[in-house]
Amino acid sequence: MSSFEKRVYRFGDGVADGDGSMPDLLGGKGAGLAEMTLLGVPVPPGFTITTKVCHHWLEHGANPTGLQLEIDTAVEWLESIVGRRLEDSANPLLVSVRSGAPISMPGMMDTILNVGLNDACVEGLAEKSGSRRFALDLYRRLIQMFGTIVLEVPKQEFDRALEAVKRAHRFANDSELSESPLEKTIEAFKQLVLTRTGKPFPQEPREQLEMAVTAVFSSWNNERARCYRKLNHIPETLGTAVTVQAMVFGNRGEDSGTGVGFTRNPSTGEKNIFGEFLPNAQGEDIVAGTRTPMPISKLAETMPHVYRELLAVTAMLENHYREMQDFEFTIESGKLFLLQTRTAKRAAPAVVRIAVEMASEGLISKTEAFNRVKPESIAEVLSSQLDTSSHPAILTQGLAASPGSVVGQIALSANQAVTMVARGEKVVLVTEETTADDIHGMAVAPGFLTARGGATSHAAVVARGMGKCCITGARDIELDEKADAVQIGGKLFHSGDWLSLEGSTGRVFEGKLPVRAADNDHPHLDALLAWAKNTGACLVRANADTPQDAAAARRMGAAGIGLCRTEHMFFAADRLGHMRSMILAKTKEERARALDRLLPIQQHDFEELFRTMSPLPVTIRLLDPPLHEFLPSIDEINGEITSARREENWELAIELEANRKQVETLRETNPMMGHRGCRLSLTCPEILEMQVRAILQAALVVSAEGLNPAPEIMVPLIASEEEMKVLAELIRKTAQQVFAAHGREIPYTIGAMIELPRAAICADRIARHVSFLSFGTNDLTQMTYGFSRDDARTYLDGYLQQGILKTDPFITIDREGVGYLVELAVNSVRAVSPKIKIGVCGEHGGDPESIHFFSSLGLDYVSCSPFRLPVAQLAAAQAHLSEARLPEEKTQPQMLLAREPNRNSQEELQLDTAA
């Protein structure tokens, strides 16, 4: 870092060296304070030390040369503005020292308030303020915060010392402490510091400031901050800025206080200022959750002029940033000060509502609205809820801090939650309050329940950011960690007992309540998805195997059915027997009779699908799995043979023994690569013929009703052009027979499922015989990696933990390998058949990251399970819009016939040639 580079930026009194465009240098807090200063918002003045200083400190363990002179100059400027001096015992300047990363990390790093107080200054402040109690309260707060954060004395020891004084004087809250108890607390705290560190509490204000700044830089690498960055994929290299700001005091009496607020409701998105306020308190009181605050709306009654000013200022901030704001404020003797503004974290329903309403208000564009909603937020909006139709008794009720519902086993600490989850248990973290140190437990627990705190306490803010259920301030909770127990609503529970939380109401129930699907009434989500469908993005179809699935898909706006797995229609009790008879038939005649019984059943199902989806396309995959999957296991048959013999039913026993031999004959060593898919159609063409008849006869029936069915017949597991040519001819021949028998025709198309690496490589030749192609990315991933979808869990987790794989390839498409095959196939097919329809019907069709990849290749559609449709629809729109925004960066995908070798490979090749 050069000696002349600016490292300290001032703000306040109309002066700001930086602005809101500089969060990378000033941190989010420093940039926000500079911008608010330029906007004329009442901000306590101060200065920000840049993130580059943090980088230097982390690398060298010391501040850069010359920094102290810049800080001293900034302190002098600050003293001249506020009219107080840092070392003036008669009129002392007190400052806060706050962290501020470029990306918001709420509560993960450290803040120290009231820096600059010492034994002499506290007396001067008492005289200057006219309240000795006020000065002593600030001093005990400083010693506790400084002692914990800078001197590393365990916070619990300060808490115990304070509780001892409160018990002795029969006080319930810190705010009740009078002068004498506060003096005793200060002495106890100072003695604690001396005992634990071997040194007295530092009395030199400038030494306090220097130590506090260093401690905040150091907090970038504390355990909870590292854990939070890992969870939220925040780079380790960002560092934190440090903001030093003149103190304003919310604990100067009942006309003072501190608050945290949002310009809109962070749980619902409703356009009303939302937040909490604590009278006669400092900032850490409201964040810690040690006192339950009052709603911010109460300020309209107690301090109406302040409330009106707060509404005006925060509305201006929202309009300026064009985004919902999370703000902190302090009121000192009836005067309002803003301490921070930043983009607010919010629950999933609020994410959707705010994006849609801001676009409707003209504050942002529809494109911005799309980009502000993560596809996974939609999944949360549509999440399940507790079924309370049995009217269970409510154990207790707290504040509905973050919506959603969770059923889990009690964990009474963050560490216990981690241990229980590692055992495979689903937990609810139940604590007095949560702090940033609990982040590792909060990361694994689906829900939180706290005895203290409000809707803006640490637990609530983290829960909303993580999309988790949270209830705070549930008063009827008493924990006994030594006994590993908790009383809730007067009833004793132990860790491992079950609770059900309803985050939308704050209600807590005993035991495991049933869970019901989320409410389907989501007008803001409906509006967003309607916009998405008009963007021109690739279409989103549904994988649907039954009429019920198709109905759900139609309700959710599917563009058709991209995959109907016909084998799923055969597993029902009234069909499985016929299917087994067909498989176990000893002659062609027996098999034909069994197929004749199956045909009307299949046709009925197809009719329902076509009626539901008309006029949208319905892609029906011909029978795919190995036939043995429809048969009973050898153990099951052996049990039936034993029973038949016991009952002396020898005829049945002989028949079962014959069946057992056939089942043993059909068993395969590796069935997923065995006699299945198109291979079944080639060896047993009568199965294909039955299915094609059922499809087309169903379409004819539905067409006669005045509807417009659009059947697409897809052949699975194709590996070669020759397979597809033979089967396409068989399908057409069967279709002509059906149409001749009914005296009329109906449009249909034939397609191939690309799920084998060879099929991807030869896709251009396969495409000569079909009208569409659909990538079955589940099997394509399985066959490319050689990973069994069913068995890979035993080692995939290890691959992910060791970083061998960055993501699970069965969840997000492997662009480098499987994606390369998809791109190769698409480009080769488009080169010879530009208008052929190409889609994806594997589970990757519902994964947002994978959808962005498929969209970049220009695929016509993706298909996913019905309940992933909204997520996929938004992801498709986002992908399309991101490509449209940067046309100059878009290039047509090129034919990737071979990868370019890396430099080392080229050098090795040259060396080999030379040798």
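The text that follows walks through the structure, step by step, so that each part is easy to find. The model shown is predicted, which means the values in this text are computed figures rather than measured ones.

### Here's the deal with the overall build of the protein chain
Alright, step 1. Across its full length, the protein chain carries 35 helices and 32 strands.
Alright, step 2. When the backbone C-alpha atoms are referred to their principal axes, the protein chain occupies close to 110 × 75 × 65 Å.
Alright, step 3. Put simply, the protein chain has 915 residues, and 54% of those count as buried.
Alright, step 4. Taking the intrachain contacts of the protein chain between residues at least 6 apart in sequence as the baseline, contacts between residues at least 24 apart amount to 68%.
Alright, step 5. For the protein chain, the accessible area works out to roughly 39200 Å², and carbon and sulfur atoms hold 50% of it.
Alright, step 6. Within the protein chain, one finds 94 positive and 119 negative side-chain charges whose respective centroids are separated by 2 Å.

### Quick word on the environment of Glu 745
Alright, step 1. Considering the arrangement of structural elements, one finds Glu 745 in the loop between α27 (721-742) and β29 (749-754).
Alright, step 2. Using a relative accessible area of 56% as the deciding quantity, one classes Glu 745 as exposed.
Alright, step 3. Along the primary structure Glu 745 and Thr 73 are separated by 672 residues, whereas in three dimensions their C-alpha atoms are 89 Å apart.
Alright, step 4. If near-sequence neighbours (up to four positions away) are discounted, Glu 745 is found in contact with Leu 700, Gln 736 and Phe 739.

### A short note on the packing of aromatic side chains
Alright, step 1. In total, this model carries 13 aromatic pairs according to the counting rule given.
Alright, step 2. Centroid distance Phe 277 to Phe 329: 6.0 Å. Interplanar angle 5°. Geometry classified as stacked. Here Phe 329 lies in strand β10 (residues 325-332) and Phe 277 lies in strand β8 (residues 274-279), a separation of 52 residues in the sequence. Each member of the pair, Phe 277 together with Phe 329, is buried.
Alright, step 3. Summarising the aromatic geometry, the rings of Phe 327 and Phe 329 are spaced 6.1 Å apart at their centres and angled 40° between planes, so their arrangement reads as tilted. Side by side, Phe 327 and Phe 329 carry an identical accessibility label, which is buried.
Alright, step 4. When the ring centre of Phe 134 is taken as reference, the NZ or CZ atom of Arg 252 above it lies at 4.8 Å.

### Focus: the nonpolar core
Alright, step 1. Among the nonpolar cores identified, the biggest contains 88 residues, and Phe 610, Met 724, Leu 773 and Phe 775 are the most heavily contacted of them.
Alright, step 2. The element best represented in this core is helix α26 (residues 685-704), accounting for 11 residues.
Alright, step 3. Filtering out sequence-adjacent residues up to four positions away, Phe 610 remains in contact with Val 618, Ile 620, Ile 695, Ala 698, Ala 699, Val 702, Pro 709 and Pro 711.
Alright, step 4. Counting residues in each nonpolar core, the second largest holds 60 residues, with Leu 113, Ile 143, Val 153 and Phe 158 among its members.

Cut-offs used in this document
Residues numbered from 1 in each chain as written. Predicted model: local features only at pLDDT ≥ 70, side-chain atom pairs only at ≥ 80, totals over all residues. Heavy atoms only, no water. Helix = DSSP H or I, 4+ residues; strand = E, 2+ residues; numbered from the N terminus. Buried < 20%, exposed > 50% of the residue type's maximum accessible area, 1.4 Å probe, protein only. Contact = heavy atoms within 4.5 Å. Areas by Shrake-Rupley, 256 points an atom, 1.4 Å probe, with all protein chains shown as cover. Lys, Arg positive; Asp, Glu negative; His and termini not counted. Charge placed at Lys NZ, Arg CZ, Asp CG, Glu CD. Phe/Tyr/Trp six-rings, centres within 6.5 Å; stacked < 30°, edge-to-face > 60°. Lys NZ or Arg CZ within 6 Å of the ring centre and 35° of its normal. Core = buried A, V, L, I, M, F, W, Y, C linked by side-chain atoms within 4.5 Å.

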